There are 2 protein chains.
Amino acid sequence: MAKQTIPKAAALRLSLYLREVESLLEAGQTKVSSGQLAESLGLTAAQVRKDLARFGPLGRAGIGYLCPALAEQFRRILGTDQLRPVALVGAGNLGRALATYPGFERRGFKITALLDNDLRKVGRQYGGLIVQDIAKLHFVCQRDRIRLAILAVPGSAAQDVADLLVRAGIQGLLNFSPVRLDVPAAVVVSTVALSLELEQLGLAVRLRNK
Amino acid sequence: MAKQTIPKAAALRLSLYLREVESLLEAGQTKVSSGQLAESLGLTAAQVRKDLARFGPLGRAGIGYLCPALAEQFRRILGTDQLRPVALVGAGNLGRALATYPGFERRGFKITALLDNDLRKVGRQYGGLIVQDIAKLHFVCQRDRIRLAILAVPGSAAQDVADLLVRAGIQGLLNFSPVRLDVPAAVVVSTVALSLELEQLGLAVRLRNK
């Protein structure tokens, strides 16, 4: 079983393992060795075996791991085996783009509320969601038992909205604002690093050209 | 020096090492051990030492690594020690959000062109960029020696735009469309997985609550 804490890089490997195993399954492969996972993801086989021993004893040395069981176990640890409601705050350009982003639901997340403090936006509809007044945040989060929120507001408003979200019972905040948020220790904040994606792409291009 | 190829997970570690070293530097720490990096990032110390030996022999056992030298070397390998121009295609919600995203420039990337095929958008200005007709893509990319592009168009248009970008000499494509793009082997495509960010956040919240 998963331990109480999983360091950041190990948690990330969990998502990467899941994606790798899913693409193996899509390609019709039902078994995988720690060595193959290691090679695909640029890890040592020892690291992969250590991770898999930690995240669930699902394979045996020399025999390998069953892909469907691995995927199921990874999803269970990640919690993406169930659909969870998410509040999205900010109906600006980014918020509207996220409201219509098709990838969340396939990963176990459904944006069930879109809120903004701009009354000109309230009542408009994006991606099947009607923009609600941010004043309703607490009520909506409590009613729908929403524990996760996406913050897509300008940096200048981010801390105020984060405070509202924390009071509404949000436990995890995906922050798109380039601002460091001050929240209680019990709340997890994850700031999306779009620049990291571009950095990784730039590196891959450099390496191709060498 | 960097090898011809760096596996995906190793490349990602490079970005994570850089961020970790940068935050150590911000906190005033000028030296770091492989053990400390390992612990912060959830890696084994052996993995960190292997990576650092590969990405540049900058430290010695027992003495540790100098943070400024590490940061400089990581940036050099990542290629983010110089500002590189980027073309952004798609001036819809997501494109407009990306055009005004403040995080790219600090990481060595400058969006120098914003293009769209919707003539009603051409001429409008977002984040200091005037939307240009996509018909000018080839000219602009050649003139400004743009090798990286961000694709923020609807999934239905993504492949056509990707083809245009490839013909314009783009070597790396950051794809926000949830579509698998077919490009020549020499072009690197990286699809942004916003769902992975939410998945990681959800996991962190689950672990806090255990």
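Cut-off values and rules
- Residues numbered from 1 in each chain as written.
- Chains lettered and ligands numbered in written order.
- Predicted model: local features only at pLDDT ≥ 70, side-chain atom pairs only at ≥ 80, totals over all residues.
- Heavy atoms only, no water.
- Helix = DSSP H or I, 4+ residues; strand = E, 2+ residues; numbered from the N terminus.
- Buried < 20%, exposed > 50% of the residue type's maximum accessible area, 1.4 Å probe, protein only.
- Contact = heavy atoms within 4.5 Å.
- Least-squares fit on C-alpha atoms with pLDDT ≥ 70 in both.
- Pairing = 2+ DSSP bridges.
- Axes fitted to C-alpha atoms, helices over the stretch in contact; angles between N-to-C directions.
- Phe/Tyr/Trp six-rings, centres within 6.5 Å; stacked < 30°, edge-to-face > 60°.
- Right-handed = clockwise from strand over helix to strand, strands pointing away.

Visitor: Talk me through the environment of C67 of chain B; I want residue IDs and the actual numbers.
Guide: Residue and element names in this part refer to chain B. Structurally, C67 can be placed in helix α4 (residues 67–78). In this structure C67 comes out as buried when scored by relative accessible area, which is 0%. In sequence terms C67 and S33 are 34 residues apart; their C-alpha atoms lie 9.7 Å from each other. Residues within four places of C67 in sequence aside, it is in contact with V21, L24, L25, Q29, T30, K31 and V32.

Visitor: Which residues make up the relation of the copies chain B and chain A, and what values go with them?
Guide: Rotating chain B by 180° and moving it 0.0 Å along the rotation axis overlays it on chain A with an RMSD of 0.0 Å. Accordingly, the operation relating the two chain copies is best matched by a two-fold axis. Minimal C-alpha separation from the rotation axis in chain B is found for N93 of chain B, amounting to 2.2 Å. The share of interface residues of chain B whose copies in chain A are also at the interface is 100%, consistent with both copies meeting through the same surface.

Visitor: Talk me through the sheet that holds strand β8 (residues 148–151) of chain B; I want residue IDs and the actual numbers.
Guide: Read across the open sheet, the seven strands follow the order β6-β7-β5-β4-β8-β9-β10 (chain B); overall the sheet is mixed. Edge positions in the sheet fall to β6 (125–126) and β10 (188–191) of chain B, since each of these pairs with one other strand and no more. Sheet analysis places strand β5 (residues 109–116) of chain B next to strand β7 (residues 129–133) of chain B, joined by three bridges and oriented parallel. The residue bridging D116 of chain B from the neighbouring strand is D133 of chain B, located in β7 of chain B. Sitting on the sheet, helix α9 (residues 194–209) of chain A is in contact with β4 (84–89), β5, β8, β9 (172–175) and β10 of chain B, with an inclination near 160° to β10 of chain B. Strand contacts of helix α8 (residues 155–167) of chain B: β4, β8 and β9 of chain B, with the helix running at about 170° to β8 of chain B, the strand carrying the most contacts.

Visitor: I'd like a description of the packing of aromatic side chains, backed by residues and values.
Guide: All names here are of chain B. By the definition in use, this model includes four aromatic pairs over all chains. Plain terms: the ring middles of Y17 and F74 are 5.8 Å apart, the flat faces sit at 20° to each other, and that makes the pair stacked. One end of the pair, Y17, is in helix α1 (residues 8–26); the other, F74, is in helix α4, with 57 residues separating them in the sequence. We note that Y17, like F74, is buried. For the ring pair Y101 and F104, a centre distance of 4.8 Å and an interplane angle of 55° mean the geometry is tilted. Across this residue pair, the class does not change: Y101 and F104 are buried.

Visitor: I'd like a description of the pairing of strand β8 (residues 148–151) of chain A, backed by residues and values.
Guide: Residues and elements named next belong to chain A. Here β8 shows no split at all, with L148 and I150 on one side and A149 and L151 on the other all buried. Sheet analysis places strand β4 (residues 84–89) next to β8, joined by four bridges and oriented parallel. Bridge pairing in β8 links V89 to L151. Bridging between β8 and strand β9 (residues 172–175) involves four bridges; their strand directions are parallel. Paired with A149 across the two strands is L173, which belongs to β9. In terms of handedness, the path from β8 via helix α8 (residues 155–167) over to β9 forms a crossover that is right-handed.

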